[in-house]
Amino acid sequence: MNRHIKQVAILGSGVMGSRIACHFANIGCEVLLLDIVPKEANEKEVAKGMSISDKAVRNRIVNDALQFALTSNPSPIYRKAFASRIKTGNFDDDMHLIANCDWIIEVVIERLDIKQQVFEKVEQFRKPGTLISSNTSGIPIHLMLAGRSDDFKQHFAGTHFFNPPRYLPLLEIIPTTETKPEVVDFYMSFGAKELGKKTVLCKDTPAFIANRVGVYSIMALFHAVETLDLTIDEIDKLTGPVLGRPKSATFRTCDVVGLDTLAHVANGLKANCPNDEEKELFELPAFIQKMLENNWLGSKTKQGFFKKTVNAEGKKEILSLNLKTLEYEPGKKVSFPTLEMAKSIEDLQQRTKMLFMGMDKAGQFYRTIFGGLFGYVTNRIPEISDDLYKIDDAIKAGFGWELGPFETWDLLGFAQGKDLALKAGKTLPNWINEMESADCTSFYKTENGKRYYYDLGSKSYQIIPGTESLVSLNVLRASNKVWGNADTTIVDLGDGIINIEFHTKMNTIGGGVIEGINKAIDLAEKDYRGLVISNTGGNFSAGANVGMIFMMAVEQEMDELNFAVKAFQDTMMRIRYSNIPVIVAPHNMALGGGCEMSMHADKVIAHAELYMGLVEFGVGLIPGGGGSKEFAKRLSEELKAGDIKINRLRERFLTIGQAKVSTSAHEAFDLGYLREGIDEVVVSREHQLTRAKAAALELAENGYIAPKRSKNVTVVGQEGLGIVFVGANSMLSGNYMSEHDRVISEKLGFVLCGGDLSENTVVSEQYLLDLERKAFVELCMQRKTLERLESLVKSGKILRN
């Protein structure tokens, strides 16, 4: 049967429940969020004459929890208005409303007896065929089914979201033997395509997959502190971004999660995994026991492995816990020769190989820790999963690792990975030897644009399920490269669509990227049907290479600077007016030039997690790559639609003048960076490029005709300039801005209003581009702008290639 999820009930409004509710609201579902009724009215409620019979009192717990979630940072909601999709209630008065829901998710306290009581109530109102699941992080799923009906059992599974649900992509699906196969398939598909999750099918084993392997890894590091004589600062340095892992690394992550939570999971694994060969590793070290006794649990108790203080000079300072003395000390700079050699290597895979080659304590650390990890994950098959790729997927999506254990092993080579495990004293399972005997010496391989994994059951390579129709640059890059330079690669996506991706630091846009984009359009216009601009890595683009602009400005090379800015503008215009459809697919940061590039696309396929903005004002400039022009053009279109002139001008001006950055793709529509009815949002990062390619094909197949350059942009001239100048002078007089900020404001206003024109005037895009470029170059030569740029370059906040 076709199943549609329109209404969802979330039972339990705690930290996870309220945020899961927000994420379902994010994707357009109507959500019913329920929790318990408080025992009695509190003092404030009594003072207002309220009692436990009042609805506001009865829903206080759920309403307070939701409000706390909505005001938290980072926000669990894409757009504030989406919160209206969530209706609150309580278990006693409103449980009957679940009869209208398509999916019911239990998210109450981690106690089996309480969960069973909730399910008893659910059975009274749930209509047959409705999905029902639990967000438990560790209680065996099958134990929850005692006394439940056959229909309940057939539609029941564990659906373990990771916190925070909006931002962490992992969703573990844990069916029981009673769950219908088609129901399992739906959970997997809906989670991936609609919720944007990396759905991983798990067995009903303690802690499932991600926490089983992730907590093992953390506990191994706890013990490594003692055996390898390393400090917590050193381990965090070794296990952070250098290894393709989050900045919070190991001990800072533990502080955020809470040491009590981590200890609870570790104790549970020790108690419930008697046959785990590493069960002794889940024994809490003495220093952890002492920290628990002292209530040093991390962020929730203001101290854990780290403690924020104010020193004698009145400055904030972060102290690190010395695990030998259990005293807090100022953090020390960490330096290892291996890290010094590796830090200049941008490519993670090449950098990882370098880390393992180190002959110092750092290199020894990597070889020891990964030897143990390789042994552990191989022995978890088939216990926690029949398929090795699921372990990699779970640990990457749940813990933020860029490389999973088996992917890391493949990087090092089969023989070296095996040797590391054996030297670490680990016993490897027979299937590893069987692979080697069959000359299968990698866990993954790529063929014909598809990625395969080694399947233990068939003892052969099988395509990773769910990826059959996915378009992936990481898979296609090696075999389908069309052209490249030092900063870009053009890849054939198939069906007449090509993609250009950037390889600069944070995907900044300099001369090499400009060359690559023009080359991609040349190729597409000659031999292909369309072009996609999308990037791998953490961000789409941090913008233009401002460090390069700074160097030209310092040398007062106005002609060269003018030429560089014009080349950027011309390239953006070429994106807009080429003879083939151009789709831009931004994700995470799309700032400055990255935003301008998106604004000139035929269509944007944006990932929901999009931090987009024209931020040049912050460095003393205005958008110079067509962004200011584009805002003037869009303002003209809005005025033709009947919008109030000055109000819309003020909104556009403040968006740039305050360097506003969206906190989601949906907010980018509100700020005017994305266009309603044209641009799209996809929740799944994994499916984003597939959708972008499809969008390019749709435009091509519908008979794409290149738009003509606009020559009828209406600008407001002096009418708008007066508003800008008066506002800037008022801000200056009130000491809300500097004299230099006033100059930037007036330059921006000059472009948005089309210059010093006596009345509303129709101008061309090129006229506005020329105004924009002139203002940009003039601002670059301002002493205050140079001082800002120099300060940012020295601090490392601006990138210099």
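This text follows the structure it describes.
Reading the values: rules and limits
- Residue indices begin from 1 for each chain and proceed along its sequence in written order.
- Two thresholds apply to this predicted model, a pLDDT of at least 70 for residue-level local features and 80 or more for giving and counting side-chain atom pairs, whereas whole-chain, interface and lining totals are computed over all residues.
- Side-chain metrics rest on all non-hydrogen atoms present in the structure, leaving aside hydrogens and water.
- Between N-to-C directions, angles cover 0 to 180 degrees, with each direction set by a line fitted to C-alpha atoms, over the stretch in contact for helices.
- Helix and strand assignments come from DSSP, with helices taken as H or I runs of at least 4 residues and strands as E runs of at least 2, each series counted from the N terminus.
- The scheme is simple: roughly parallel for angles under 35 degrees, roughly antiparallel for over 145, roughly perpendicular for 65 to 115, oblique for anything else.
- Helix crossings are classified by the rotation of the near helix relative to the far one: an anticlockwise turn of less than a right angle makes the crossing left-handed, while a clockwise turn makes it right-handed.
- A contact between two residues is defined here by any heavy atoms of the two lying within 4.5 Å.
- Residues are grouped as follows: Ala, Val, Leu, Ile, Met, Phe, Trp, Tyr, Cys and Pro are nonpolar; Asp, Glu, Lys and Arg are charged; every other residue, Gly included, is polar.
- Think of it in three bands: with a 1.4 Å probe and only protein chains considered, a residue is buried below 20% of the maximum accessible area for its type, exposed above 50%, and partly exposed in between.
- One requirement defines pairing of two strands: DSSP has to find at least two bridges between them.
- When the strands point away from the viewer and the path from the first strand over the helix to the second turns clockwise, the crossover is right-handed.

J.: Please clarify how the packing of helix α26 (residues 627–640) against helix α31 (residues 739–752) should be interpreted in this entry.
T.: The contact between α26 and α31 brings their axes to 8 Å, and the two run at 50 degrees. Considering the angle they form, α26 stands oblique to α31. Considering only the axes of α26 and α31, their crossing is right-handed. Residue-level inspection shows Ser628, Phe631, Ala632 and Leu635 of α26 in contact with α31, the latter providing Leu748, Val751 and Leu752. Grouping the amino acids of the contact of α26 with α31 by side-chain chemistry returns 6 nonpolar, 1 polar and no charged.

J.: What exactly am I supposed to notice about unusual backbone geometry here?
T.: Phi is mostly negative for residues that are not glycine, and the peptide bonds are mostly trans. Note the cis peptide between asparagine 163 and proline 164, where omega equals 0 degrees. In this structure, proline 164 sits in the loop between β6 (156–161) and β7 (170–175). Cis geometry marks the peptide bond from isoleucine 381 to proline 382; its omega dihedral reads 10 degrees. Among the structural elements, proline 382 can be located in the loop between α16 (361–379) and α17 (388–399). At phenylalanine 208, a position not held by glycine, the phi torsion is positive, near 60 degrees. Tracing the chain through its elements places phenylalanine 208 in the loop between β8 (198–201) and α9 (210–227). A relative accessible area of 0% places phenylalanine 208 in the buried class. One non-glycine residue, alanine 249, lies in the positive phi region at around 50 degrees. With respect to the element layout, alanine 249 can be found in the loop between α10 (232–238) and α11 (251–257). Residue alanine 249 is classed as buried on the basis of its relative accessible area, which comes to 14%.

J.: Could you clarify how one ought to interpret the pairing of β7 in this entry?
T.: Two faces, one strand: in a regular strand the side chains alternate between the faces of the sheet. The buried fraction of β7 amounts to 6 of the 6 residues, a majority that puts the element mostly inside the structure. Of the strand pairs in this sheet, β6 and β7 are connected by 5 bridges, and their pairing is antiparallel. Along β7, the bridge assignment pairs histidine 160 with glutamate 172. Here 4 bridges tie β7 to β8, and the two strands are oriented parallel to one another. Among the inter-strand pairings, isoleucine 173 is bridged to a residue of β8, identified as leucine 201. The handedness of the β7 to β8 crossover, carried by helix α8 (residues 181–193), is right-handed.

J.: Is there a simple way to think about the sheet that holds strand β4 (residues 103–106) in this case?
T.: Each strand in a sheet pairs with its neighbour through backbone hydrogen bonds, running either in the same direction (parallel) or in the opposite one (antiparallel). Sheet architecture is open: 8 strands sit in the order β3-β2-β1-β4-β5-β6-β7-β8, paired in mixed fashion. The open sheet terminates on both sides in strands that have one partner only, identified here as β3 (86–90) and β8. Ignoring strand direction, the axes of neighbouring strands in this sheet form an average angle of 25 degrees. The pairing of strand β2 (residues 30–35) with β3 spans 5 bridges and is classified as parallel. Following the sheet pairing, aspartate 35 is matched in β3 by asparagine 90. The strands touched by helix α6 (residues 112–125) within the sheet are β1 (7–11), β4, β5 (131–134) and β6, with β5 carrying the most contacts at an inclination of about 170 degrees.

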